[in-house]
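# Fold and geometry: a report
Here is what each chain is made of, one letter per residue.
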Amino acid sequence: MVSRGLKAAAAALITIGSATAWQTIPGAQRTSFLTHSTTPTHLQKSALATASLYSSSYQNEKKRTSLSMVVTDPTTSGGPMGGGFTATNAESRRVVPEDVRGRPVMKVVYVVLESQYQSSMTAAVKRVNAGNDNMAVECVGYLLEELRNDDAFEQFQKDMADANVFVGSLIFVQELAEKVIDVVKPLRDDLDAVLVFPSMPEVMRLNKVGSFTMKNLGQSKSVVADFMKKKKQDDGSSFEEGMLKLLRTLPKVLKFLPSDKAADARTFMMSFQYWLGGSPQNLESMLTMVGQDYVGAISSSMVGKEKMETVEPVLLPDKAIWHPVAPEIVFENPEKYFEWYNNDFCPDAGIDPKTAPTVGLILQKSHINTKDDTHYVSLISELESRGARVVSIYSGGLDFSGPLSDYFYDASGKPVVDTIINLTGFALVGGPASQDHKKAAAVLKKLNRPYICAVPLVFQSFEEWQASELGLHPIQVALQVSLPEIDGAIEPIIYAGREGATGRSIPLADRVNLLADRALKWSNLRTKPVSDKKIAITIFSFPPDKGNVGTAAYLDVFDSIKAVLGELKEQGYDIGDAPMEKEAIMESVLNDPEAKIQSPELNVAYRMNTDEYYELTPYAKDLEENWGPAPGNLNSDGQNLVVYGKQFGNVFIGVQPSFGYEGDPMRLLFAKSASPHHGFAAYYTYLEKIFEADAVLHFGTHGSLEFMPGKQVGMSGTCYPDRLINSLPSAYLYAANNPSEATIAKRRSYSATVSYLTPPAENAGLYKGLKELKELISSYQGLRENEGRGPAIVNSILSTAYTCNLDKDVDLPELDTYDAKTDTPENRDDIVGKVYAQIMQIESRLLPCGLHTVGVPPTAEEAVATLVNIAQLDRPEDDIEGLPRVIAASIGRDINEIYRGNNNGVLDDVELNTKIVEASRAAVGALVQQSTDDSGRVKEVTDMFSEMGNFFNKMAGGNKPWTDAIIKAGFPKVSEERLAPLFAYLEFCLKQVVANNELGGIMELLNGEFLMPAPGGDPIRNPDVLPTGRNMHALDPSAIPTQAAVEVSEDVVRKLLEKLADGNDGAYPESIAFTLWGTDNIKTYGESLAQVLALVGVRPVADSLGRVNKVELIPLEELGRPRIDVVVSCSGVFRDLFINQMNLMDRGIKMAAEADEPIEMNFVRKHALEQAEELNVSVREAAARVFSNSAGSYSANVGLAIENGGWEDESQLQDQFLTRKGFAFNADKPGMMEQQADLFKAALKNVDVTFQNLDSSEISITDVSHYYDSDPTKVVQGLRDDKKKPMSFMADTTTANAQVRSLSETVRLDARTKLLNPKFYEGMLSTGYEGVREIQKRLRNTMGWSATAGEVDNFVFEDANSVFIDDAEMQQRLLDTNPNAFRDMVTTFLEANGRGYWETSEENIERLQELYAEVEDRIEGI
């Protein structure tokens, strides 16, 4: 029989939500997250013992009070909130004295960022009203975010109208700060006191305590400002840190002030100390002090009476260790803490201090001050109930680096923690105000432990968050997800929120459990013996087909797996009998590379019967709504669910199943994506509970896990990425040039990313007729004055240009009637110049060659290709001029002028531009040559700018090698001094390229270490992306668009509008449909976002902290043209990362729509007025122009349909686009995406032009399906009244010479430089199996443009057929290398013809049909 005490302990345990730590769960015995020495029995004892320590009897014994804990999941109760944010009411924070008793009443209104002060402030006011004979207090508080609500804001204005005192704290959201200022500033002189604690400078300037003000803060000299500035210079302190240090040195500062000012300054500083103290007693003292000294009615009523003496603030130390059941409130000495914890607490709790993993927690001091710590207590108890030790630290300010260094090491300097969880949700150094990410990353790397930053809900109640499809509030995403990621944080798990009525923090039981599980799994990676660790490598197959297993952007997957297996073996992991050859690894996973997909051709690692599946997969029943009962027909043999892959020792290489709805037209049309199918769920169940992986390594960009349905950010337990990955630590190898989707993987599937390099981009070069053209032009340049031979060469140039289909790009005379002999020399030069410009555009186009293998350093040639591209850009922020600019200046020319002449086909400028390009290559080649080894690779970089380098240089004759190269190329006057900053920078970049840490980065994560953060993006625009092998992050979303991006965007918009006006008798387009991408805006720092704003005629404005979060209209006189209407389709990834920028655009467009301007000068207003009347809505509602998918859904599924052939006709694709992309963002209701199909269609039917951006040479319009997936060209044509197809354009900012081209021009350029270019397809074929798939992908994506825009010329398909099908030898190579991908290629040609996109001979079609039958037989093994 169970003893009474044990029952009581168990009851206490359940109360605090710890029961789940040890309850018997089906299959739970298969999961072990503790060190190998901890048995289940020990765990149960530990859980029970911990519970008893938190029970009330123990707390009373230690003279501590216990806080009630959450028992049930609060998200399951309450009605739907529609996803709206902060549906709380300030009335719950209103306190009115019950009995004034003739006392004067002081009314206090406060506005705070977070709600933890609510209960303390309420208690303080009640204490004053009950115990102070001289005054009574009426008080009401507002959470900052509530001020977005019109009713709440109106009530705030009413409350302020008769207030005596205003208090504000942590007001860091620009548009809400402005609202506060708009209300408080006009009343400031009439208010008795204004107390604003750390907030934006313009809010701080409202401060008024007697004669003490901060009205000059940040503007002119003052003792306080000077002190703050000096502190920042001395140690990089944030504003709040400076304030805290000022408190400590207050006596020194006050002696510089007159006595009355000193008293008032002292009152302000005392108030700040009371506020930081946070307890009801401290806040009571603050209210009493301010009331009796500064509120007129109270001061005058107290004449002759004795003032209440203000007591010193009761403050905890600035930094310390805290534990909820410790006999002392806090420990300032870590040795004392561990003495109590290890000797007194752990034995009673059943924790073995010698073997237990230790989790370091970072807490917010204000929650401890205000005793609002239930959420902290809950996590601590969960960790301890699992047998782990906990050390919880806090800081008085917002810099946690000091306490971390003080308390997470032992006396000998050895780290005492195995994992760190930051429970504040803020960046490690600087919080929400100003961050020091470099300092944070350095401190964390020194400690070298996994760093999780969990998030408490601040602006939402649990119910609001649970009901919201977006999930976490956009402001919180920016402050508490994006910024910690730049520190290197992982796993933004929501673990707590606030209770609406009291504002107190409460834990969410299932999230706290998950956080505890995941933290201990990460600890386990560090402590478990390497030989016992199990690693699951997950590869992808997309589109699902035998020829596509091992899909990843620009990555040689199987060669890279070989490198990873080698590294695992070297470090002592058990990889069994894994083969160490690429082909053998591939063979073992594919089993029979020639079998077809319908048979179990992939190696079957495990068959899971349905009983086992339902037992081990708690959410399996939920999948039946979409897929019926298991096993279904995906990843199934009819009876069992099938897991594909191969196990080698403790390493499993598995194939992630696909979405499952790729070929189903009905599912593709759904506005919201379907749940994962049973086979997908079974795969992750197998990894976690049957194979018992300690970690999973997702291999390459990208799989489907992170794009499964669920909230956008801030997953709940019902979101599928969360359910699937559950407690498995995930490392994810992601292409360095794709930070946006990598960020989705981090946030939605809790993956720590490791960046890998994409292949260096080389110049595309020329081939066949294009090469012949260049030779002819070279001959013409030598003979242009020769009236006999010159014209004959021009005729040959013209004829060859027509053969190469260049007449589609260049305005050429009629071939049949033109004779150069009868033309003028000027016209001949003009024709040759235009053709030359076009072929040079093709030749110099950047082309990523081949595929990257993880851990392989670049060849010298590859290094040159990368550095030439880096060298061409001006970098004014670093005082670095681009190489072309310096070379052009040496002959007295401006490079922009040369680019203009080149683009217009001026022969001399085309020639000069070519010469500059060749000189640049030679110069960079000379730099790289100094560091090239005998094998042609760069492994170490020779320092050419060291003293030794300069010495050898002088010995060799003076000039640096790159200067000599430029002089030899024909520019003798080039300035070596002017070249020096650029080449020093290029040398640094070369070191970055070489310092590849990809294998190292993977191993750091698998060994439970901290992986250094790095930005993702284009290494050419931002070389800080290098070296790869680091934990990739996006950027601070509030930093874009930058000023540089705005300037580039204005240039692109000018070029676009000039091009459109030229082709339309000078008239401007009225409406342009835009597509915005996440990665593009990260790489360019917001160029395409800025283009949208520029077209509408609004400009982004930075706040006083440099964050871009407001817009203003550019007056029409300044704009000098009409405001162009826009319809913006944001990718799902852009929506997830940049929802605050969607807010900016929406506000800017609505500003334009509501501007009182003539409609002929404001097309936004013109169309909004028409749509308001047509749809019977307000002008503001009709001006919705920012659209995307519903939250948790991605893409229009057009790409999926085309890639899998699962579409009937173009109308299906158009319906998919309208259904899936028709969710409007509304800045007036930022918590949801609303389906607004009618508004979307009404806006699109006015569109004259569709427009997209290309920003990087690595990803072009046929490399991925994304670009055509979101192209609305034919959608608009179908909606327009006149059924006229809109013009389609693309901006190309991949080089310093930004251009705007038509879509058909861009498709031709892409086809000529990739699909039809021997340099490209031979480079791909050299990688084997994967290479054939890459070629077929480009052909399929080219057809995608035919389907969505009709902008692919017939010759593209015809020439591709000649290259890949007519050539018998090429045909055989493709068939032998990857028969499945070759079959898809044949299918694509037949489909292009069948759908009317390619006209060709009957002979070609018959050959393709015969070939299809042959390939099928080959695959079937007949």
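Only a predicted model underlies this, so the values are computations on that prediction, with no experimental measurement involved. (Residues numbered from 1 in each chain as written. Predicted model: local features only at pLDDT ≥ 70, side-chain atom pairs only at ≥ 80, totals over all residues. Heavy atoms only, no water.)

Let's shift gears to the overall build of the chain. Scanning the chain for helices and strands turns up 60 helices and 36 strands. Across the chain, the fraction of contacts at a sequence separation of at least 24, relative to all contacts at a separation of at least 6, is 76%. When the accessible surface of the chain is totalled, it reaches about 49,700 Å², and 50% of it is carbon and sulfur. (Helix = DSSP H or I, 4+ residues; strand = E, 2+ residues; numbered from the N terminus. Contact = heavy atoms within 4.5 Å. Areas by Shrake-Rupley, 256 points an atom, 1.4 Å probe, with all protein chains shown as cover.)

If you walk through the whole model with that rule in mind, you get 15 cavities of 30 Å³ or more. Empty space within the largest cavity amounts to approximately 620 Å³. In this structure, the largest cavity is lined by 34 residues; those nearest its centre are S844, Q872, N913, V917 and T1295. Those elements that place two or more of their residues in the lining of the largest cavity are α32 (825–844), α33 (860–871), α35 (895–903), α36 (907–929), β36 (1299–1302) and α54 (1303–1313). The biggest single contributor to the lining of the largest cavity is α36, with seven residues. Per-class residue counts for the lining of the largest cavity are nine nonpolar, 18 polar and seven charged. (1 Å grid on protein atoms, 1.4 Å probe; cavity = no way out; pocket = protein on both sides within 12 Å on 5 of 7 lines; lining within 4 Å. Points joined across faces, edges and corners; volume = space filled by probe spheres on them. Nonpolar A, V, L, I, M, F, W, Y, C, P; charged D, E, K, R; others polar.)

Under the definition given, this model contains 40 aromatic pairs. Both rings, one in Y683 and one in Y684, keep their centres 5.2 Å apart while their planes meet at 85 degrees; by these two values the pair is edge-to-face. Of the two residues, Y683 and Y684, both sit in the buried class. With a centroid separation of 4.8 Å and 50 degrees between ring planes, the pair formed by Y732 and Y734 is classed as tilted. Summarising the burial analysis for this pair, Y732 and Y734 share the class buried. Between K621 and the ring centre of Y614, over which it is positioned, the NZ or CZ distance is 5.1 Å. (Phe/Tyr/Trp six-rings, centres within 6.5 Å; stacked < 30°, edge-to-face > 60°. Buried < 20%, exposed > 50% of the residue type's maximum accessible area, 1.4 Å probe, protein only. Lys NZ or Arg CZ within 6 Å of the ring centre and 35° of its normal.)

A cluster of like negative charges, contributed by E1402, E1406, E1410, E1414 and D1417, occupies part of the molecular surface. Accessibility expressed as a relative area gives 59% for E1402, which makes it exposed. (Patch = residues over 30% accessible without salt bridge, like charges linked within 9 Å, V, L, I, M, F, W, Y side chains within 5 Å. Salt bridge = Lys/Arg side-chain N within 4 Å of Asp/Glu carboxyl O. Lys, Arg positive; Asp, Glu negative; His and termini not counted. Charge placed at Lys NZ, Arg CZ, Asp CG, Glu CD.)

Another point: the environment of A984. Looking at the element boundaries, A984 is found in helix α39 (residues 976–994). A sequence separation of 41 residues divides A984 from D943, and the C-alpha atoms of the two residues are 9.1 Å apart.

We now examine the sheet that holds strand β9 (residues 358–364). Pairing in this open sheet of six strands is mixed, and the strands run β8-β7-β10-β9-β11-β12 from one edge to the other. Both edges of this open sheet fall to β8 (330–331) and β12 (451–453), since each of them pairs with a single strand only. Across the sheet, helix α16 (residues 374–385) touches β7 (319–322), β9, β10 (389–395) and β11 (419–422), and the angle it forms with β9 is around 180 degrees. (Pairing = 2+ DSSP bridges. Axes fitted to C-alpha atoms, helices over the stretch in contact; angles between N-to-C directions.)

With 10 of its 10 residues buried, helix α43 (residues 1087–1096) lies for the most part within the structure. Every buried residue of α43 is listed here: E1087, S1088, L1089, A1090, Q1091, V1092, L1093, A1094, L1095 and V1096.

Between its terminal C-alpha atoms helix α56 (residues 1329–1348) stretches 29 Å, which fits the 28 Å expected from 20 residues at 1.5 Å a residue. Most of α56 is tucked away: 19 of the 20 residues are buried. Remark: G1350 follows α56 within two positions and exhibits a positive phi of approximately 65 degrees. (Expected span 1.5 Å × (residues − 1).)

Strands belonging to one sheet form pairs held by backbone hydrogen bonds; the direction of such a pair is parallel or antiparallel. Reading across from one edge, β33-β32-β31-β30-β27-β34-β35-β36 is the order of the eight strands in this open sheet, with mixed pairing throughout. The outermost strands of the open sheet, each flanked by one partner alone, are β33 (1233–1235) and β36. This sheet shows a mean twist of 30 degrees between the axes of neighbouring strands, independent of strand direction. Looking at chain direction, strand β34 (residues 1249–1254) and strand β35 (residues 1287–1292) are connected through six bridges and run parallel. By the bridge assignment for β35, V1249 is matched with M1287. The sheet strands contacting α43 are β27 (1071–1076), β30 (1125–1130) and β34, and the helix crosses β27 at an angle near 165 degrees.

This part takes up the pairing of strand β1 (residues 105–112). Burial of β1 is extensive: seven of the eight residues sit out of reach of the surface. With eight bridges connecting them, β1 and strand β2 (residues 136–143) associate as parallel partners. Counted as the bridge partner of M106 is V137 from β2. Sheet topology note: the β1/strand β3 (residues 165–169) ladder contains five bridges and is parallel. What sits directly across from V111, in β3, is G168.

Confidence along the chain averages 85 in pLDDT terms, with 87% of residues attaining 70 or more. Within the chain, the element-level pLDDT minimum falls on helix α1 (residues 4–15), averaging 31, and the maximum on β11, averaging 98. Below a pLDDT of 50 lies the segment residues 1–47, which in the model reaches 84 contacts outside its immediate sequence neighbourhood of four places, other chains included. Predicted confidence for residues 231–237 stays below pLDDT 50, and this span has nine contacts to residues more than four positions away or in other chains. (pLDDT = per-residue confidence, 0-100.)

Extensive coverage of β30 is indicated by the burial of six of its six residues. The sheet contact formed by β27 and β30 spans six bridges and is parallel. From the neighbouring strand, F1074 faces β30, where its bridge partner is V1128.

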